[in-house]
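# Understanding the architecture of this molecule
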Amino acid sequence: MINTRKDNAYWDPSRKGFVTNYPNFLHWKTLSATDMADNRPLNVYLHTPYCIQHCAYCYYKTINLRGTNKAQRIDQYVDALCREIELASEYYQLRNRPVVSVYFGGGTPSLLNEAQLQRVLETVHRYLNLSDQTELTVEAEPVTITQSKADLLQGLGVNRVSMGVQSFDDGIIKRSNRLDDEKKVMKAIEIVKTMGVVINIDLMSGLAEETQATWEYSVRRAIESGVESITVYKTELYTNTPYYKEVRNKTIDLPDDDQELIFMNHAMTELTEAGYKPWSFFTFTQCGQHQHQYATGTFLGEDVYSFGTSAFGKLGDYLFQNTNDEQKYMALLAEGELPVTRGHRLTCIDAMIREIVLGMKLVRFDLRRFQSRYGFRLEKLCADTLADLVEHGFITMSDDEIQLTNKGILYGDYTGKSVAKVLMDME
Ligand SMILES: C[S@@+](CC[C@H](N)C(=O)[O-])C[C@H]1O[C@@H](n2cnc3c(N)ncnc32)[C@H](O)[C@@H]1O
Ligand code: SF4
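None of these values were measured; they are calculated from a predicted model.

### Side note on the packing of aromatic side chains
Applying the stated criterion to the full structure yields 22 aromatic pairs. Taken together, a centroid distance of 6.1 Å and an interplanar angle of 15° make the contact between Tyr45 and Tyr103 stacked. Separated by 58 residues along the polypeptide, Tyr45 in strand β1 (residues 42-48) and Tyr103 in strand β4 (residues 99-106) bring together distant segments of the chain. Neither Tyr45 nor Tyr103 differs from the other in exposure class; each is buried. With a centroid separation of 4.9 Å and 40° between ring planes, the pair formed by Tyr305 and Phe320 is classed as tilted. Separated by 15 residues along the polypeptide, Tyr305 in strand β11 (residues 303-307) and Phe320 in strand β13 (residues 318-322) bring together distant segments of the chain. With respect to class, Tyr305 is no different from Phe320; both count as buried. Against the face of Phe299 rests Lys361, its NZ or CZ located 6.0 Å from the ring centre. Here the basic side chain of Lys407 rests over the ring of Phe394, its NZ or CZ set 4.5 Å away from the ring centre.

Written out as structure tokens, the structure reads:
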């Protein structure tokens, strides 16, 4: 467009060559009207804020329904959730878009009774475009699982169940204020196995009173349970948790970062030996199969329409979040209004940074995909940082991808944040 050749053409202005478009038509390829229709894949998140306890470490803004009339309160919420699905589907024409994954998370969705679960999932099937290929995950707390609930979920197309286990040590489970124990957890896993679905269990490394022996026991029992997928979260200490108060009052001690790193390293070694492979830096699956589509889609920058109080998602260039006020959420929907209250429009550079930090969670980062989406070679722009990361053993690189090493996996988001910083510094 502007000539910057060293032969001084830039300083020898000309009025010739009117610019009609960019890129020039020479670069255009065959395209049909249907190619432009918005039928890109869609991921769906459904949120329930309710739990039957407040776990001492948990940072989610949940509503503890223990000792209350659960059924009535959840019925009202389910009404609103179903109304939101109907309204948003119509307003954004979501039905045109193939749903690749649905994640019903919380809180504790498995706390809903059978009629409530059925209403929510039937509404999803009715107003959104699911197929036999759609991954449909429900998050569950083991103590809330029954055989009849499992049978119902299977009949409603659920093909993945993700259970919060956290620890197999009864003392640690109790200390975390959870209602499970090892026996109940193993029973719930056996029930869910009868559904013939992919099972994920969450463990947390670094809970209060964790020792090397209790951690080794938890990892061993997780492997022995035979589930397809094991997620290991590093316990994060948030100010809104009972843990935080207890740490401040010195009534509990949490393992320090070095100890937690040893725990994670142990989990990685044992899981690898047992045939599990990491497909994200915190989830290990048998032979690397059974990848979680919902997480993959989210990390690769696909759209996620999110329903429910405080649920946050992405639609096109927009990140958005619903009100986190349960009463306001229900009142808005009763008025026929969508409950979106805040958001952010992604600039081009936001989108790139987001894709780097989230995409790097998937252990392998596809440089050619990035280039085809954004038009430049990330490895050229970030050459120095990438060379440092290679030198310090966090990554290996080929022409086509960046691959986290075991050290890179152990240090989680560090690689993604380091690469993203190069782009942030350009802002
Ligand atoms: C919504 S919960 C899972 C389902 C169900 N509510 C349960 O707890 O059984 C999602 C997961 O977040 C993780 N989590 C909660 N608080 C955390 C924290 N402070 N640090 C790291 N992970 C946390 C736990 O592993 C938990 O299983
Ligand atoms: S960990 Fe699960 S059950 Fe416990 S408070 Fe958080 S969301 Fe609820």
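### Digging into the domain arrangement of the protein chain
Domain annotation for the protein chain reports domain 1 (42-297) and domain 2 (362-427). The straight-line distance from the C-alpha centre of domain 1 to that of domain 2 is 30 Å. Across the boundary between the two partners, domain 1 contributes nine residues, which contact eight residues of domain 2. Among the residues domain 1 hides against domain 2, the three largest losses belong to Leu261, Met268 and Phe281. Together they make up 60% of the total. Run the count over domain 1 and domain 2 and you get zero residue pairs in polar contact (both at pLDDT 80 or more). For the side of domain 1 that touches domain 2, the element with the most residues is helix α9 (residues 257-273), which contributes four residues. The class makeup of the residues in the side of domain 1 that touches domain 2 is six nonpolar, three polar and no charged.

### Comments concerning unusual backbone geometry
Here the amide bond leading from Tyr22 into Pro23 is cis, since omega sits at -10°, within 30 degrees of zero. Mapped onto the secondary structure, Pro23 falls in the segment before α1 (33-36). Each neighbour pair has its own omega, and for Gly106 with Gly107 the value is 25°, a cis peptide bond. Mapped onto the elements, Gly107 comes out in the loop between β4 and α3 (114-127). For Gln93, which is not glycine, the phi dihedral falls at a positive 50°. Considering the arrangement of structural elements, one finds Gln93 in the loop between α2 (70-91) and β4. Using a relative accessible area of 51% as the deciding quantity, one classes Gln93 as exposed. Positioned with a positive phi, Lys250 is a non-glycine residue whose angle comes to about 60°.

The rules behind these values
- Residues numbered from 1 in each chain as written.
- Chains lettered and ligands numbered in written order.
- Predicted model: local features only at pLDDT ≥ 70, side-chain atom pairs only at ≥ 80, totals over all residues.
- Heavy atoms only, no water.
- Phe/Tyr/Trp six-rings, centres within 6.5 Å; stacked < 30°, edge-to-face > 60°.
- Helix = DSSP H or I, 4+ residues; strand = E, 2+ residues; numbered from the N terminus.
- Buried < 20%, exposed > 50% of the residue type's maximum accessible area, 1.4 Å probe, protein only.
- Lys NZ or Arg CZ within 6 Å of the ring centre and 35° of its normal.
- Domains from an automatic or database assignment.
- Contact = heavy atoms within 4.5 Å.
- Buried area = accessible area lost by both parts, 1.4 Å probe.
- Polar contact = N/O pair within 3.5 Å; in protein donor to acceptor, adjacent residues only side chain to side chain.
- Nonpolar A, V, L, I, M, F, W, Y, C, P; charged D, E, K, R; others polar.

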